[in-house]
Amino acid sequence: MKKIAGFLILLFTFNSCDDGNLTQENIDFEAFTTQSCTNNDIIYKINDKEALLIEIPSTNFVNDPTSDNSPRTLTISPTSNRVVYRFYNGTIGSDNICETIQPATPIVVDQWSATSGTIEITTTAIKSTNTTDNSTKITGYNHFINLKDVTFSIKNGQQTFRTLPFGDYTTTTTSLPFNFEKILTKCSNSNVIYDFKSFEAILLDIDPTLIVNEATPANTPRTGLIGTTTNKLTYRYFSGLLSSAYFCNATTPTTPALSEEWNGVAGVTNTSGIIEVTTTTNGPNSFKHTITLRKVSLKKGNSSFTLGDNYILGELFTTN
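Residues numbered from 1 in each chain as written. Predicted model: local features only at pLDDT ≥ 70, side-chain atom pairs only at ≥ 80, totals over all residues. Heavy atoms only, no water.

A word on the nonpolar core
Within soluble globular proteins, side chains that are nonpolar generally end up buried alongside one another.
Okay, so step 1: Of all hydrophobic cores here, the largest spans 28 residues; its most connected members are F178, L204, I291 and L313.
Okay, so step 2: Listing elements by their share of this core, those giving two or more residues are β7 (135–154), β11 (200–205), β13 (232–238), β15 (274–281), β16 (286–294) and β19 (311–319).
Okay, so step 3: When neighbours within four sequence positions are excluded, I291 is seen to be in contact with L184, I193, L204, I206, I211, I275, E276, V277, Y311, I312, L313 and G314.
Okay, so step 4: With 25 residues, the next largest nonpolar core counts I27, F29, Y85 and F87 among its residues. (Core = buried A, V, L, I, M, F, W, Y, C linked by side-chain atoms within 4.5 Å. Buried < 20%, exposed > 50% of the residue type's maximum accessible area, 1.4 Å probe, protein only. Helix = DSSP H or I, 4+ residues; strand = E, 2+ residues; numbered from the N terminus. Contact = heavy atoms within 4.5 Å.)

Have a look at this one:
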């Protein structure tokens, strides 16, 4: 009986030892809102008296969707791409994270610093849809952040998580106005037609067979498909104001500087990317060509949006 009692005491002693790896802390910040500091590259989440912080350059949040199963990755270390889990002795706010001179209270009572692991960022576009014409707009980008195989240095040891979801972080994007006058101009030295206003321009290198000085029959427009050379559609957004002098040059001017360029997605017969040209007479030897884009999408990198079921590119006037 004494032997059994001694064995039980020894077993209890072994099971009571803590080498820093036996107790698994449950870290769950995914449901909390991600916040960011304006004076540094820290993003963070707060849960009452706890905070989970990530310090990485903001340039890693690229406004372009990642490919399937191919997140952007960064290697965690104690000096770069830092991940820190903090415990405070009271409820905390943003000033406890971002301020250079932080409040005296609450104070940090414990801190886990990640020594290794990987930060995975999966990016998707946030879109709004106009239900009237089925056009879409990109209003921002969502970056889902996951910590993989992350190891924290803690008191008396370390704590490792195979996967630790940080959650979503949203970035904004430039709102493309598409505020054109819808009056088109054709370059005399090419087949490019264009429209511009303020900081934006839209160009179509159109198949010349679509612009004929002859009225089209009722409900029978000339049609073509968006392509990569013929019928190439391009939208450009600039950092400065445009003028007509920008267009129709043999060499594209360097000013104003180009901020964004979106290209039309190649069309599919009877399905998408369709160009329709309706021609009517506009007086003696004068013609008006109304160009409509049906189910046309524009793409930049992995980002895309649609112009809707029927987008009026504009009117081109020609004479014999």
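Things to note about the packing of aromatic side chains
Okay, so step 1: In total, this model carries 20 aromatic pairs according to the counting rule given.
Okay, so step 2: Ring centres of F199 and Y237 lie 6.4 Å apart, and the angle between their planes is 35 degrees; this geometry places the pair in the tilted category. Of this pair, F199 sits in the loop between β10 (192–197) and β11 while Y237 sits in strand β13, placing them 38 residues apart in sequence.
Okay, so step 3: Judged by its relative accessible area of 33%, F199 is partly exposed. (Phe/Tyr/Trp six-rings, centres within 6.5 Å; stacked < 30°, edge-to-face > 60°.)

Here we look at the side chain of T66
Okay, so step 1: Counting through the fold element by element, T66 comes out in the loop between β3 (50–55) and β4 (72–75).
Okay, so step 2: Among the residues examined, T66 registers a relative accessible area of 13% and is labelled buried.
Okay, so step 3: Within the local environment of T66, its side chain forms a polar contact with the backbone nitrogen of T123, the two atoms lying 3.1 Å apart.
Okay, so step 4: Here T66 is in contact with P71, R72, I121, T122, T123 and N302, once residues within four sequence places are set aside. (Polar contact = N/O pair within 3.5 Å; in protein donor to acceptor, adjacent residues only side chain to side chain.)

Description of the state of the cysteines
Okay, so step 1: Under the definition given, this model contains two disulfides.
Okay, so step 2: A sulfur-sulfur distance of 1.9 Å marks the disulfide that ties C37 to C98. In this structure the cystine formed by C37 and C98 twists about its S-S bond by roughly -75 degrees; its chirality is therefore left-handed. Here the residue C37 occupies a position in the loop between β1 (35–36) and β2 (42–47), and C98 occupies one in helix α2 (residues 95–98), the gap between them amounting to 61 residues. Accessibility classification places C37 together with C98 in one group, the buried group.
Okay, so step 3: Disulfide partner of C187: C248, at an S-S distance of 1.9 Å. Taking the torsion about the S-S bond as the criterion, the C187 to C248 disulfide, at about -85 degrees, is left-handed. Of this pair, C187 sits in the loop between β9 (185–186) and β10 while C248 sits in the loop between β13 and β14 (258–264), and the two are 61 residues apart along the sequence.
Okay, so step 4: Classification of C187 as buried rests on a relative accessible area of 3%.
Okay, so step 5: Taking only the cysteines that form disulfides and numbering them from first to last, the chain has the pattern 1-2, 3-4. (Disulfide = S-S within 2.5 Å.)

Details of the sheet that holds strand β17 (residues 297–300)
Okay, so step 1: Across the sheet, seven strands lie side by side as β9-β10-β11-β13-β14-β17-β18; this open sheet has antiparallel pairing. Edge positions in the sheet fall to β9 and β18 (303–306), since each has one partner strand and no second.
Okay, so step 2: Of the strand pairs in this sheet, β17 and β18 are connected by four bridges, and their pairing is antiparallel. Opposite S297, over in β18, you have T306 as the bridge partner. (Pairing = 2+ DSSP bridges.)

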